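# Summary of structural features
If you want the building blocks of each chain, they are given just below.
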Amino acid sequence: MKLKSPLSAQVEITSNCNHLCNHCYNYWRYKETGSHHYSGDRSNIKKILHKVIGAEVFHVVITGGEPLLYANELIDYVKLLNDENVTVSLNTNLSMMTKDISNKLYDSGLRSVLASLISYDKDTHHKVTNTKDTHEKILENISILSKNIYHVGVNMVVSKNNINDVYGTGKLVHSLGAKSFCATKITPSVYAGKSHLEQCLDREQTKHMLEDLLKLREDTGLNVQTLNPIPLCFTPDIGRYMGLLTKNCSAGKSSIGISSTGEVRACQHSGKSYGNILKESLEEIWQRMDGCRGQEYIPKICKDCIALKDCGAGCRESALAYNGARDSPDALVTGVFKGTLKNDKREDIDKGITLKLADHLKYRLEDEGAVIYKNPKELAVVKPDTFKLVQALIGHKFSIKSLETTVDAPLQTIISKLYSKGVIEKA
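Computed from a predicted structure; not experimentally measured.

Looking only at helices and strands, the protein features 16 helices and 15 strands. Relative to the compact-globule value of 22 Å for 427 residues, the protein shows a C-alpha radius of gyration of 22 Å, a close match. Across its three principal axes, the protein shows a C-alpha extent of roughly 70 × 50 × 45 Å. Within the protein, the fraction of its 427 residues that count as buried is 53%. A separation threshold of at least 6 residues defines the contact pool for the protein, and within that pool the share at least 24 residues apart is 69%. By element, 49% of the accessible surface of the protein is carried by carbon and sulfur atoms, the whole surface being about 19700 Å². If you average the places of the 56 positive and of the 49 negative side-chain charges in the protein, the two averages end up 1 Å apart.

What follows concerns the packing of aromatic side chains. Going through the model one piece at a time under the given rule, you end up with 3 aromatic pairs. Their ring planes at 75° and their centres at 5.5 Å tell us that Y106 and Y150 sit as a pair that is edge-to-face. With Y106 in helix 4 (residues 99-108) and Y150 in the loop between helix 6 (135-147) and strand 5 (151-158), the pair connects residues that are 44 residues apart, well separated along the chain. Residue classification places Y106 among the partly exposed residues on the basis of a relative accessible area of 22%.

As a further point, take the sheet that holds strand 11 (residues 362-366). Judged by pairing direction, the sheet is antiparallel, and its 3 strands sit side by side in the order 11-12-13 without closing on themselves. Of all the strands in the sheet, just strand 11 and strand 13 (378-382) have a single pairing partner and so form its edges. Direction aside, neighbouring strands of the sheet carry axes that sit 15° apart on average. When strand 11 meets strand 12 (residues 369-375), the two strands line up antiparallel, connected through 5 bridges. Opposite R364, over in strand 12, you have V371 as the bridge partner. In the packing of helix 14 (residues 384-393) onto the sheet, contacts are made with strand 11, strand 12 and strand 13, and the angle to strand 12 comes to roughly 50°.

Bringing empty space enclosed by the protein into the picture now. Taken as a whole, this structure holds 3 cavities of 30 Å³ or more when the rule is applied. In this model, the largest cavity occupies a volume close to 100 Å³. Every residue lining the largest cavity is counted, 13 residues in all, and those nearest its centre are C233, C302, C305, C311 and A313. Per-class residue counts for the lining of the largest cavity are 12 nonpolar, 1 polar and no charged.

Within helix 13 (residues 316-323), 6 of the 8 residues are buried, which leaves the element mostly enclosed by the surrounding structure. Turning to helix 13, its buried residues are R316, E317, S318, A319, L320 and A321. Summarising the contacts, the buried residues of helix 13 are in contact with helix 8 (194-197). In the stretch just after helix 13, G324 is the one whose phi turns positive, near 85°.

Another aspect to go through is a positive patch on the surface. The grouping of K309, K383, K417 and K421 at the surface amounts to a positive patch. Mapped onto the fold, K309 is located in helix 12 (residues 308-311).

Scoring rules and cut-offs
Residues numbered from 1 in each chain as written. Predicted model: local features only at pLDDT ≥ 70, side-chain atom pairs only at ≥ 80, totals over all residues. Heavy atoms only, no water. Helix = DSSP H or I, 4+ residues; strand = E, 2+ residues; numbered from the N terminus. Rg over C-alpha atoms; globule rule 2.2 N^0.38 Å. Buried < 20%, exposed > 50% of the residue type's maximum accessible area, 1.4 Å probe, protein only. Contact = heavy atoms within 4.5 Å. Areas by Shrake-Rupley, 256 points an atom, 1.4 Å probe, with all protein chains shown as cover. Lys, Arg positive; Asp, Glu negative; His and termini not counted. Charge placed at Lys NZ, Arg CZ, Asp CG, Glu CD. Phe/Tyr/Trp six-rings, centres within 6.5 Å; stacked < 30°, edge-to-face > 60°. Pairing = 2+ DSSP bridges. Axes fitted to C-alpha atoms, helices over the stretch in contact; angles between N-to-C directions. 1 Å grid on protein atoms, 1.4 Å probe; cavity = no way out; pocket = protein on both sides within 12 Å on 5 of 7 lines; lining within 4 Å. Points joined across faces, edges and corners; volume = space filled by probe spheres on them. Nonpolar A, V, L, I, M, F, W, Y, C, P; charged D, E, K, R; others polar. Patch = residues over 30% accessible without salt bridge, like charges linked within 9 Å, V, L, I, M, F, W, Y side chains within 5 Å. Salt bridge = Lys/Arg side-chain N within 4 Å of Asp/Glu carboxyl O.

This is how it looks when you write it as structure tokens:
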């Protein structure tokens, strides 16, 4: 189904940062200025957020740069989104968090934080971030926020600089109380040239990263994954890692990135703008991203692959940086998929089990149906007849057996699918 607007958006409230990470996708910020700071205009952030809200986007990730540079504004943005029933999370390096800011953000409605940490080793962390005294503060804040009801995840951007630190970093953040840990290989920027490409992981290093994640999960029980798409043909034993991988990239398909000046991109790593949200509607700009949703950017070697639906051919921005075109192969593509794809057949729910709709669902009408939304990972895109059924079930407990007396439809299949998506649960 073609969506009328994205389901989620990453909004940069600033490009400025107190870190100068040598892998940053905002590479131009310090390449051109040699500075932490960029004189971009932040005066229009509330206008940007209002237009995102008007486009019925369900979830906003506030990011940067470093959002905590402008903490008072950040608190206002979180409250605005929360008051408009848009769920919100925060990407931050946490080095500037204080107890007062944390409490005010929580009171404004923030519950989820994804923190950046380069390594358990402070010297490596400071070398990559070009800072001198941030490591201890980040670790302290991960611990404090994890104890104060926040859902804290930690993401480690992995390059040749810290490839041997994945397991140790995961063990550390687990001991601090983090709920999840992501090891995500660097996505090179086309603007950074060799500087980024020289840091990128090869196939064996990518496997090393994934093996460390598997060992970490086995030893600690921590929820682990990797965030950037990895081609499923990169290794013959891909089945070993399927539970860790982010599948088909959502950029331009269900999510977008928006700069602090209003430029709308398929993702934060991309330099390609499809329009400015301050000058036209998000819905209009979204329609120009059809190339992301079709095969315009799929390399020829991947178009007939049986894994394409699950894989998406890897990362298009990485392909651009390596090979000069978004429709070129990702650097990890081999063109030979030898894995086994997960069987999509769902187990049917017993007809007698009492069920109900999940709490706090949100709904959005589409031209060809509707979206039923619980959170960024649990949602269903349904046809009109299914949506009418769901509407009739609001506030009721039911079973498939009880519905069969009044509804002429393949109910066991429909209800089982919605159950697997998390929008229906046992009463």
